[in-house]
Amino acid sequence: MSQSKNHLGRNLLVLAGIFLLMLVLNALMPLHRDDYDYSVVWMTAEHLSSVQDVIYSAYRHYMLHGGRMFTVLCLNFFLWLGKFAFDIANALMFTALVVLMYFHARRSVEWRQEPLMLAVTGLLAWLSFPHFGEVAVWKSGSTVYLWSAVPAALFLLPYNITLAKDTSVLGKWAILPMFLLGIIAGWSVENLAVTVVALTAGISWYLRRQGKIAGWMPAGALGALLGLIGLVGAPGNFVRYDDQGAGKGILAHIGNQFAGNGEMLLYILPMVLLLLCAWRIFKLELASRKGEAIERGQMRFGWRQWLILGLILLLVVSYFNGSFVAWTVRDILYAAVMVPLGLTKQKTIDHFDNLFKGFDEMAIYWLTIFFVYALVKKQLGLTTPVIKLLAEKVKARDVWQAFPAVRYAGCMLALALLNNFVMIAAPTFPARATFSSVAMIIIAAIAILREPLIRGYFAKHGQKVLTAGALGLAVFTMSAAILVTYTMRQENDARLAIVQEAAQKGEPIAYMEPIAMQNRALRHVFFADFDNGVTKHGLCIFYGIKDIHVDKDK
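What counts, and at which threshold
- Residues numbered from 1 in each chain as written.
- Predicted model: local features only at pLDDT ≥ 70, side-chain atom pairs only at ≥ 80, totals over all residues.
- Heavy atoms only, no water.
- Salt bridge = Lys/Arg side-chain N within 4 Å of Asp/Glu carboxyl O.
- Helix = DSSP H or I, 4+ residues; strand = E, 2+ residues; numbered from the N terminus.
- Buried < 20%, exposed > 50% of the residue type's maximum accessible area, 1.4 Å probe, protein only.
- Phe/Tyr/Trp six-rings, centres within 6.5 Å; stacked < 30°, edge-to-face > 60°.
- Lys NZ or Arg CZ within 6 Å of the ring centre and 35° of its normal.
- Axes fitted to C-alpha atoms, helices over the stretch in contact; angles between N-to-C directions.
- Parallel < 35°, antiparallel > 145°, perpendicular 65-115°, else oblique.
- Left-handed = near helix turned anticlockwise from the far one by under 90°.
- Contact = heavy atoms within 4.5 Å.
- Nonpolar A, V, L, I, M, F, W, Y, C, P; charged D, E, K, R; others polar.
- Pairing = 2+ DSSP bridges.
- Right-handed = clockwise from strand over helix to strand, strands pointing away.
- Patch = residues over 30% accessible without salt bridge, like charges linked within 9 Å, V, L, I, M, F, W, Y side chains within 5 Å.
- Areas by Shrake-Rupley, 256 points an atom, 1.4 Å probe, with all protein chains shown as cover.
- Core = buried A, V, L, I, M, F, W, Y, C linked by side-chain atoms within 4.5 Å.
- Lys, Arg positive; Asp, Glu negative; His and termini not counted.
- Polar contact = N/O pair within 3.5 Å; in protein donor to acceptor, adjacent residues only side chain to side chain.
- Expected span 1.5 Å × (residues − 1).
- Arc of directions from axis to C-beta.

## Re the pattern of salt bridges
For step 1, the next point in the chain: Enumeration according to the criterion identifies 17 salt bridges in this entry.
For step 2, the next point in the chain: When the shortest N-O distance is used, the salt bridge between Arg-330 and Asp-353 registers 3.6 Å. Here Asp-353 lies in helix H17 (residues 346-356) and Arg-330 lies in helix H16 (residues 324-341), a separation of 23 residues in the sequence.
For step 3, the next point in the chain: With its nearest N and O atoms 3.3 Å apart, the salt bridge here joins Asp-547 to Lys-536. Highlighted residues: Asp-547 in strand S2 (residues 547-550) and Lys-536 in helix H25 (residues 533-543), separated in sequence by eleven residues.
For step 4, the next point in the chain: When its relative accessible area of 27% is taken as the criterion, Asp-547 is described as partly exposed.
For step 5, the next point in the chain: Looking at Lys-536, the relative accessible area reads 24%, which means it is partly exposed.

If you want it as structure tokens, here you go:
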């Protein structure tokens with residue numbers, strides 16, 4: 001019993017850490033871009049001042065712009081309540097999603113035994129969600145993606161656990177709650193809504209064939225279908241599609257799939273490499289069962305490893321001190337390559353400079369990931385000859401058949417790809433739309449990592465390297481995100497004061513210098529300068545001025 005209490009305390013400590021990190025980021029993040037458009041009654045200049053305004057604004061949005069009624073209601077409501085209430089609610093939502101992903105990985109709501117796995121779930125969420133600042137911190141973005149994923153994950157959990165236990169986990173009392181929750185889950189974001197409807201309908205049909213269906217299952221599926229109809233049937237969807245989708249043929253939609261999935265792959269790379277190592281560990285186990293003797297090599301930390309580690313540390317110092325490495329590399333390439341080739345037009349130079357604004361942080365991220373992966377491979381004994389031998393002796397179907405966790409993770413990965421494929425109907429496929437698919441991939445990864453064989457093998461052969469790599473990436477990215485968000489907040493407040501002063505004086509145009517800071521901390525910070533079209537439009541309406549002029553020459 002004392003051990004359970006101890007683990008409960010550790011779990012609560014993990015969740016408190018996740019919540020506090022998100023609360024700090026949310027507190028530092030100012031109202032930005034679309035937040036100002038949603039702070040007024042939609043497409044008017046009237047500020048939200050009552051619950052009636054919140055509902056009316058959501059109705060206008062539904063008729064004129066899009067069908068995401070539930071998320072828009074949440075956004076409008078919390079913008080009306082005030083920023084502090086929103087900051088707390090958003091941090092709670094992210095923490096809840098981490099818990100729900102962990103429950104789905106366990107296929108159970110028991111959570112006291114594995115504080116490490118809960119922490120790993122949080123870390124993978126932090127590192128892997130695409131454009132993190134846009135989908136989990138920025139108010140208008142988080143309510144669309146994060147706040148859609150939470151009720152959907154909660155709604156799907158009883159279906160998942162029922163499949164795992166082969167018996168219904170809810171009684172007749174759940175018919176109405178699941179129906180209502182299904183409406184919210186279906187009335188979320190387009191690709192996730194389609195997946196939710198297809199999944200719950202499929203599971204209900206399957207369990208009916210097995211003679212194990214309960215009333216809440218089809219009730220939930222029906223609710224999700226009604227929510228999806230409400231989502232896609234909004235008059236505003238047709239208005240927006242005419243604006244964004246006109247003239248785009250099927251080839252453009254197919255191209256969107258490659259772009260969206262490709263960018264998602266960049267964000268989930270740490271999980272991909274972890275799963276690749278786990279796959280080979282499964283093969284090692286099956287090979288040993290067949291009597292194959294596989295010798296593990298010795299890992300030596302030689303001068304090459306020290307050199308890479310030193311380079312990573314140099315880049316970290318550079319990142320927090322003006323990115324001197326990035327600009328030195330830029331200057332060398334400019335003098336040695338661009339000038340001789342005559343590539344000296346201002347527009348070309350601007351694009352070239354923009355390439356190096358995130359050079360240090362990306363170099364740190366990629367070098368650390370592959371550095372840790374290479375070390376872990378050696379510690380696991382996964383040399384090139386061993387990998388070739390495993391490919392010959394153990395087939396993929398052997399691993400699939402031998403380990404239930406592999407089959408479950410495989411199904412989750414397939415579901416993630418199908419969830420992305422639904423976006424083929426959309427005129428665009430931004431990386432942020434892969435949010436729910438990445439959540440499914442995180443579930444698959446945790447399901448594999450908590451398997452006793454995998455946990456034991458990593459604990460014995462790769463724990464120190466993995467722990468050091470995870471802590472290094474976590475400390476760097478979290479420190480960078482907080483620092484950059486704080487700096488952005490200062491820059492934003494200074495320029496917002498100029499806008500407010502112009503409005504108070506009745507001046508039609510606010511003049512200001514551009515924001516110098518361009519670092520986005522691996523997309524954990526989301527911002528655009530005040531001359532951005534969306535930002536300018538919302539600010540001008542909210543404060544009642546005509547224009548914002550950012551002097552790029554200063």
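## Re the packing of aromatic side chains
For step 1, the next point in the chain: Summed over the entire model, instances satisfying the criterion amount to 25 aromatic pairs.
For step 2, the next point in the chain: Ring geometry for Phe-77 and Phe-78: centres 5.5 Å apart, planes at 85°, overall edge-to-face.
For step 3, the next point in the chain: An angle of 70° between the planes, with centres 5.1 Å apart, marks the rings of Tyr-319 and Phe-476 as edge-to-face. Taken together, the residues Tyr-319 in helix H15 (residues 303-319) and Phe-476 in helix H24 (residues 463-505) connect sequence positions 157 residues apart. An identical accessibility class is assigned to Tyr-319 and Phe-476; each is buried.
For step 4, the next point in the chain: Aromatic rings pair up to connect Phe-77, Phe-78, Trp-80, Phe-86 and Trp-147 into one cluster.
For step 5, the next point in the chain: Directly above the aromatic system of Phe-86 lies the positively charged group of Lys-139, at a separation of 5.6 Å from the ring centroid.

## Structural notes on the packing of helix H8 (residues 139-165) against helix H9 (residues 175-186)
For step 1, the next point in the chain: Packing of H8 against H9 leaves a shortest axis separation of 8 Å and a crossing angle of 135°. For the element pair H8 / H9, the angle class is oblique. Note on packing geometry: the crossing formed by H8 with H9 is left-handed. For the pair H8 and H9, the contacting residues are Pro-151, Ala-152, Leu-154, Phe-155, Pro-158 and Tyr-159 in the first and Met-178, Leu-181, Gly-182, Ile-184 and Ala-185 in the second.
For step 2, the next point in the chain: When the residues that make up the contact of H8 with H9 are grouped by side-chain class, the tally is ten nonpolar, one polar and no charged.

## Overview of the pairing of strand S1 (residues 509-512)
Across a regular strand the side chains alternate sides, sitting on one face of the sheet and then on the other.
For step 1, the next point in the chain: Residue alternation in S1 divides its side chains into a buried set, Ala-510 and Met-512, and an unburied set, Ile-509 and Tyr-511.
For step 2, the next point in the chain: Pairing between S1 and S2: four bridges, direction parallel. What sits directly across from Met-512, in S2, is Val-550.
For step 3, the next point in the chain: With H25 bridging S1 and the parallel S2, this β-α-β connection has right-handed handedness.

## Quick word on a nonpolar patch on the surface
For step 1, the next point in the chain: A cluster of nonpolar residues, Met-43, Tyr-56, Tyr-59, Met-63 and Leu-64, forms a patch on the protein surface that exposes about 490 Å² of accessible area.
For step 2, the next point in the chain: Of note, Tyr-56 is situated in helix H3 (residues 51-64).
For step 3, the next point in the chain: Given the relative accessible area of 42%, Tyr-56 is considered partly exposed.

## What about the nonpolar core?
For step 1, the next point in the chain: Counting residues in each nonpolar core, the largest one holds 159 residues, and the members touching the most others are Phe-94, Phe-129 and Ile-548.
For step 2, the next point in the chain: Not counting chain neighbours up to four residues away, the residues in contact with Phe-129 comprise Phe-94, Leu-97, Met-101, Leu-124, Tyr-267, Phe-435, Val-438, Ala-439 and Ile-442.

## With respect to the environment of Phe-19
For step 1, the next point in the chain: Among the secondary structure elements, Phe-19 is positioned in helix H1 (residues 2-28).
For step 2, the next point in the chain: Residues Phe-19 and Ala-335, spaced 316 residues apart in sequence, show a C-alpha to C-alpha distance of 47 Å.
For step 3, the next point in the chain: Sequence-distant contacts of Phe-19, that is, excluding residues within four places in its chain, are made with Ile-88, Ala-91, Leu-92 and Thr-95.

## Some remarks on the side chain of Asp-53
For step 1, the next point in the chain: One can find Asp-53 in helix H3.
For step 2, the next point in the chain: Buried and without a salt bridge, Asp-53 has Arg-60 as its closest oppositely charged side chain, separated by 10.0 Å.
For step 3, the next point in the chain: In terms of polar contacts, Asp-53 uses its side chain to reach the side chain of Ser-49, at 2.7 Å.
For step 4, the next point in the chain: The residues contacting Asp-53, other than those within four sequence positions of it, are Val-41, His-47 and Leu-48.

## As for the packing of helix H10 (residues 190-209) against helix H11 (residues 216-232)
For step 1, the next point in the chain: The geometry of H10 relative to H11 is characterised by a closest axis approach of 9 Å and an angle of 155° between their N-to-C directions. Taken together, the axes of H10 and H11 lie roughly antiparallel to each other. The handedness of the crossing between H10 and H11 comes out as left-handed. Residues Glu-190, Ala-193, Val-194, Val-196, Val-197, Thr-200, Ala-201, Ser-204 and Leu-207 of H10 touch H11, and the partners they reach there are Met-217, Pro-218, Ala-221, Ala-224, Leu-225, Leu-228 and Leu-231.

## Notes on unusual backbone geometry
For step 1, the next point in the chain: Phi at Asp-166 takes a positive value of approximately 65°, unusual for a residue other than glycine.
For step 2, the next point in the chain: Within the secondary structure, Asp-166 is located in the loop between H8 and H9.
For step 3, the next point in the chain: Note on Asp-166: relative accessible area 44%, which makes it partly exposed.
For step 4, the next point in the chain: With a phi close to 55°, Ser-323 is a non-glycine residue in the positive phi region.
For step 5, the next point in the chain: Within the element layout of this structure, Ser-323 appears in the loop between H15 and H16.
For step 6, the next point in the chain: What makes Ser-323 buried here is its relative accessible area of 11%.

## Here's the deal with H9
For step 1, the next point in the chain: When the terminal C-alpha atoms of H9 are compared, their 16 Å separation across twelve residues agrees well with the 16 Å that a helix rising 1.5 Å per residue should span.
For step 2, the next point in the chain: Taken together, the buried positions of H9 are Met-178, Leu-181, Gly-182, Ala-185 and Gly-186. Seen end-on, H9 carries its buried residues on one side only, within an arc spanning 130°.
For step 3, the next point in the chain: Residues of H9 that are buried make contact with H8, H10 and H11.

Honestly, it's all geometry; don't read function into it.
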